[in-house]
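# Observations on chain architecture
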Amino acid sequence: MKKYLFILSIFLFSSHIISQEITQKNIIGKWKVVKVSKKIDNPNLKDIVKSFNSAIFDFKENLDFNLTTTDNSKLFSMITNMTNKSKWKLNKNNYVVNIGSQSDGYNILKIIIIEVNGKIIFHLSETELDLEVQKE
């Protein structure tokens, strides 16, 4: 009986992972931040967290990328300037989107995409922010 429960557990776990597979096609579009779910304790980054609260990530079909916000701080402006006219590329493991260009190795921004309880989270590895997003 334990053997069957173990096999059933593996099956359910593996089907859950497969259902979370992220493809280039389902990334295309505008993603609005609805909540900053993991905040940074550093007071120097308070303005950037505020700017990310109203950010929109735009992944275009031609692989162009835009990042905008209605609350643009100086630090956030630097990020948008760096990502301006950049491209996006889905990493082979289907969970990481790299922003940049071929010349910089798509190394400007790395977004790890996670699904938790039906919610999509963009984890920005450079800032350690977790952003709950919804597709517009």
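Quick note: structure is the one above.
What this report covers is the structure whose coordinates are included nearby. Given the structure is predicted, the values throughout are model-derived calculations rather than measurements.

Take the packing of aromatic side chains next. The description of an aromatic ring pair uses the distance of the two centres, along with the angle that the planes make with each other. Going through the model one piece at a time under the given rule, you end up with eight aromatic pairs. Where Trp 31 meets Phe 122, the ring centres are 5.6 Å apart and the plane angle is 50°; that geometry is what we call tilted. Remark: Phe 122 occurs in strand 7 (residues 119–124) and Trp 31 occurs in strand 1 (residues 29–38); sequence separation between them is 91 residues. Trp 31 sits in the buried class, given a relative accessible area of 10%. Ring geometry for Phe 59 against Phe 122: centres 6.1 Å apart, planes inclined by 80°, an arrangement best described as edge-to-face.

Quick look at the sheet that holds strand 6 (residues 109–116) now. Here eight strands make up a closed barrel; going around it, the order is 1-2-3-4-5-6-7-8 and the pairing antiparallel. Each strand of the sheet is rotated relative to its neighbour by a mean of 35°, with strand direction disregarded. In this structure, strand 1 lies alongside strand 8 (residues 129–135), joined through six bridges in antiparallel fashion. Bridge assignment links Lys 32 to a residue of strand 8, and that residue is Gln 134. Along the sheet, helix 4 (residues 74–83) contacts strand 2 (55–59), strand 3 (64–69), strand 4 (86–90) and strand 5 (96–100); its crossing angle with strand 3, the most-contacted strand, is approximately 165°.

Calculation rules
Residues numbered from 1 in each chain as written. Predicted model: local features only at pLDDT ≥ 70, side-chain atom pairs only at ≥ 80, totals over all residues. Heavy atoms only, no water. Phe/Tyr/Trp six-rings, centres within 6.5 Å; stacked < 30°, edge-to-face > 60°. Helix = DSSP H or I, 4+ residues; strand = E, 2+ residues; numbered from the N terminus. Buried < 20%, exposed > 50% of the residue type's maximum accessible area, 1.4 Å probe, protein only. Pairing = 2+ DSSP bridges. Axes fitted to C-alpha atoms, helices over the stretch in contact; angles between N-to-C directions. Contact = heavy atoms within 4.5 Å.

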